[in-house]
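Below, each chain spelled out in residue letters.
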Amino acid sequence: MNSNKIGVLAKHVFLCRYAWRELCTKHVLGRRYMTFAKCKPIRFSQCTSKLSTAFAVAVLPARTLSLTACMFKSKNHNTDNNSLEEDENDEAEIEELFQQQIPTGIGEEEHRVFIVHPDVKWGSRKQYLTTAALQMEEAVGLVNTLYNWSVADKIILSTKTPEKRRIFGKGNFQTLTEKIRATPGVTAVFVNVERFSPSSEKELQEAWGVKVLDRYSLVLHIFRCNARTKEAKLQISLAEIPLLRSRLRNEVANLDQQGGGSRYIMGSGETLYEMQQRLLKERELKIRSALERLRRKRHLLRSQRKHRDFPIVSVMGYTNCGKTTLIKALTADAGLQPKDQLFATLDVTVHAGQLPSHMTVLYVDTIGFLSQLPHQLIDSFSATLEDVTHSVLIIHVRDISHPETVNQKVNVLNVLKNLQIPERLLNSIIEVHNKIDLIEGYEVSDPEVIPISALKQHGLEVLKEKIEEAVVKYTGKQTMTLKVQLNSPQLAWLFKEATVQAVDNVGDDCTANVKVIISQAAYGRYRKLFQVT
């Protein structure tokens, strides 16, 4: 192994220290480098978890189903060494992509954050459905979501020019700079705006001498800390690409000013900027390719669920509105562990529950929405929301006790429209007002709205009846009474492929009247299989 290869490898390890363990233990060049240097790989703490390798399928109504987006392997794969090896290789590749470039540069250490909220007084950027105080409260919640992060101080400042690089006018900016520098222990400043330009970010960091974050970079860091599954890691890596690309332009512009931006790399005819752009593009293609492989596996799972004829109900809403708590109440799934924090759920998970008629439906738990996020971040998670487009119904959960509940509703509906959710689904939304127990004497003026308390399980029976009514309407299922031969497989088939409500009038001729809820497709299969007229 020559010195040039060792130098390249050492440089790569230095730049990507979080990938060091994977590189050294799995990469051939890395193993040789370890032997050459007589050293062991450095271990860094990572937020990873072992993924389950199987998924449960509900056969009888009494059983529950818990399918997550990360559980792709069937029982056949457990005995297929090639598939296992391929999955391990995929996992290693995904982890390498996830740790390759981290644009926020925040690290895992403790941070004391100074929060700045620019209060726009008028113009297109003014928020009319909320207040500066409520927006500051949400900003504090975002910071407190992160482990070992705390708020050192906060301030609301008026601005007429939020589009300028320094956001504030000269006087307010000087006042803010003095206050930040006078606050002891500040290690980062969070400016509660959608996204900085790279030049604006650089100027603010030079003025304040600490790391500066906008909503985009802070939420990305929260996502990165909460990512557990392969799909979540890939989607976060994809969402980080625009941030890396915009910063690359700024860095190369600085090199051009120093006379170094146009130099070619080792006689390759490729400038530094072109090389870095190419590497970013290659990384993006790898991420999209890996996401496509996961999408195909998810499509296979969806096809299996479709064959089982389970209606899908998507539960959506603003972050921390109580979606997971509601699904746990509807399904009694002990595996669900709701958390009172923003973005506790990053992955689409599917859980089975029963309706009053004993019909099994699948509830899809989705990532929560947040106001003032760039479309690139939302678009990166659009693949995760594919299951929503295959739903028969959407339940929109609102935290009715939250002072910004109206603004949150508007944001959720706007995101759904931007994600191009089918019109039929937008028209079938059931609006649920959660946490009514926190409002004394609460009454609903709209008869289409269902008031509940997911935590205390108030109003759930009414909600289930409403869901059942909508599912029957939108799926075309029908209630029928069939005469069944008990000495044949007919009854067992109906229990498997339809919803059996009652078995009555068992006669001496081994027949019974069976009341079922069945789809037209299943009824057609039943008639053909058992030659029923």
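All residue numbers here refer to positions counted from 1 along the written sequence of the relevant chain. The model is predicted, so local features are restricted to residues of pLDDT at least 70 and side-chain atom pairs to those at 80 or more, both for listing and for counting; the totals for chains, interfaces and linings are taken over all residues. Calculation of side-chain values draws on the structure's entire complement of heavy atoms; hydrogens and water are dropped beforehand.

Per an unreviewed UniProt entry, the protein is named Putative GTP-binding protein 6, and its organism is Sinocyclocheilus grahami.

Draft legend 1. Spotlight on the sheet that holds strand 12 (residues 478-485). Here, strands pair whenever DSSP counts at least two bridges between them. In this description a helix means any DSSP run of H or I spanning at least four residues, a strand means any run of E spanning at least two, and both kinds are numbered starting from the N terminus. The 3 strands lie next to each other as 12-14-13, forming an open sheet whose pairing is antiparallel. The two strands at the open ends of the sheet, each matched to only one other strand, are strand 12 and strand 13 (499-504). The mean inter-strand angle of the sheet, taken between neighbouring strand axes irrespective of direction, is 25 degrees. Sheet topology places strand 13 next to strand 14 (residues 511-518); 5 bridges connect them, and they run antiparallel. Bridged to D504 within strand 14 is N513. Contacts are assigned to residue pairs with any non-hydrogen atoms lying within 4.5 Å of each other. Note on definitions: angles span 0 to 180 degrees between N-to-C directions of axes, and those axes are lines fitted to C-alpha atoms, for helices only across the stretch in contact. Packing of helix 18 (residues 490-497) onto the sheet brings it into contact with strand 12, strand 13 and strand 14, and relative to strand 12 it is tilted by some 155 degrees. In the packing of helix 19 (residues 520-530) onto the sheet, contacts are made with strand 12 and strand 14, and the angle to strand 12 comes to roughly 15 degrees.

Draft legend 2. Main features of the confidence of the model for the protein. As a per-residue measure, pLDDT tells how confident the predictor is, with possible values from 0 to 100. Overall, the predicted model of the protein reaches an average pLDDT of 76, with 72% of residues at or above 70. Low pLDDT, under 50, characterises residues 1-85; the predicted model gives this stretch 117 contacts beyond four residues in sequence or across chains.

Draft legend 3. Summary view of the sheet that holds strand 4 (residues 188-191). Ordered by their spatial adjacency, 4 strands build an open sheet running 3-2-4-5, and the pairing between neighbours is parallel. Edge strands, defined here as strands with exactly one partner in the open sheet, are strand 3 (149-159) and strand 5 (211-213). Adjacent strand axes in the sheet meet at a mean angle of 20 degrees, parallel and antiparallel pairs treated alike. The pairing of strand 4 with strand 5 spans 3 bridges and is classified as parallel. If you follow V189 over to strand 5, its bridge partner there is V212.

Draft legend 4. Just the pattern of salt bridges, in detail. When a carboxyl oxygen of Asp or Glu is within 4 Å of a side-chain nitrogen of Lys or Arg, the pair counts as a salt bridge. Counting across every chain of the model gives 17 salt bridges. As a salt-bridge pair, E203 and R166 come within 2.7 Å of each other at their nearest N and O atoms. Residue E203 is located in helix 8 (residues 198-208), and its partner R166 is located in the loop between strand 3 and helix 7 (170-182); the two are separated by 37 residues in the primary sequence. Given the relative accessible area of 18%, E203 is considered buried. Each residue is placed in one exposure class: buried if its accessible area under a 1.4 Å probe, protein chains only, is under 20% of its type's maximum, exposed if it is over 50%, and partly exposed if it falls in between.

Draft legend 5. Structural view of the environment of S453. In this fold, S453 is placed in the loop between strand 11 (450-451) and helix 17 (460-475). As for S453 and I436, which are separated by 17 residues in sequence, their C-alpha atoms are 5.8 Å apart. Apart from residues lying up to four places away in sequence, S453 is in contact with N434, K435, I436, D437 and H458. Polar contact criterion, stated in full: a pair of N or O atoms within 3.5 Å, where within protein one must be able to donate a hydrogen and the other to accept it, and residues adjacent in sequence count only if both atoms are side-chain atoms. Within the structure, the side chain of S453 is placed 2.9 Å from the side chain of D437, a separation counted as a polar contact.

Draft legend 6. View of the packing of helix 7 against helix 8. In the contact formed by helix 7 and helix 8, the axes pass within 10 Å of each other and the chain directions differ by 55 degrees. Put simply, helix 7 runs oblique to helix 8. Of the residues in helix 8, those in contact with F173, L176, T177, I180 and R181 of helix 7 are L204, A207 and W208. For this classification, Asp, Glu, Lys and Arg are treated as charged, while Ala, Val, Leu, Ile, Met, Phe, Trp, Tyr, Cys and Pro are nonpolar and the rest, including Gly, are polar. Considering only residue class, the contact of helix 7 with helix 8 consists of 6 nonpolar, 1 polar and 1 charged. Just so you know how the angles are binned, under 35 degrees is roughly parallel, over 145 roughly antiparallel, 65 to 115 roughly perpendicular, and the rest oblique.

Draft legend 7. Examining the nonpolar core more closely. Residues grouped as a nonpolar core are buried Ala, Val, Leu, Ile, Met, Phe, Trp, Tyr and Cys residues, joined through side-chain atoms within 4.5 Å. Residues I115, L142, W149, F190, L218 and F343 are the most contacted members of the largest nonpolar core, which totals 41 residues. Of all the secondary structure elements, the ones that give two or more residues to this core are strand 2 (111-120), helix 6 (132-145), strand 4, helix 9 (215-226), helix 10 (230-257) and helix 15 (405-418). The leading source of residues in this core is helix 9, at 6 residues. Domain limits in this description derive from either an automatic procedure or a database domain assignment. Per-domain counts for this core show at least three residues from each of domain 1 (111-224) and domain 2 (309-473). Sequence-distant contacts of F343, that is, excluding residues within four places in its chain, are made with L142, V219, I222, F223, N226, T319, I367, G368 and L370. With 27 residues, the next largest nonpolar core counts V361, V392, I395 and V397 among its residues.

Draft legend 8. How the structure looks around helix 12 (residues 323-331). Buried residues dominate helix 12, accounting for 7 of its 9 residues. The complete set of buried residues in helix 12 reads K323, T324, L326, I327, A329, L330 and T331. Contacts from the buried residues of helix 12 go to strand 6 (312-317), strand 7 (349-354), strand 8 (360-365), strand 9 (393-399) and helix 17. Of the residues one or two after helix 12, A332 is the one with positive phi, at around 60 degrees.

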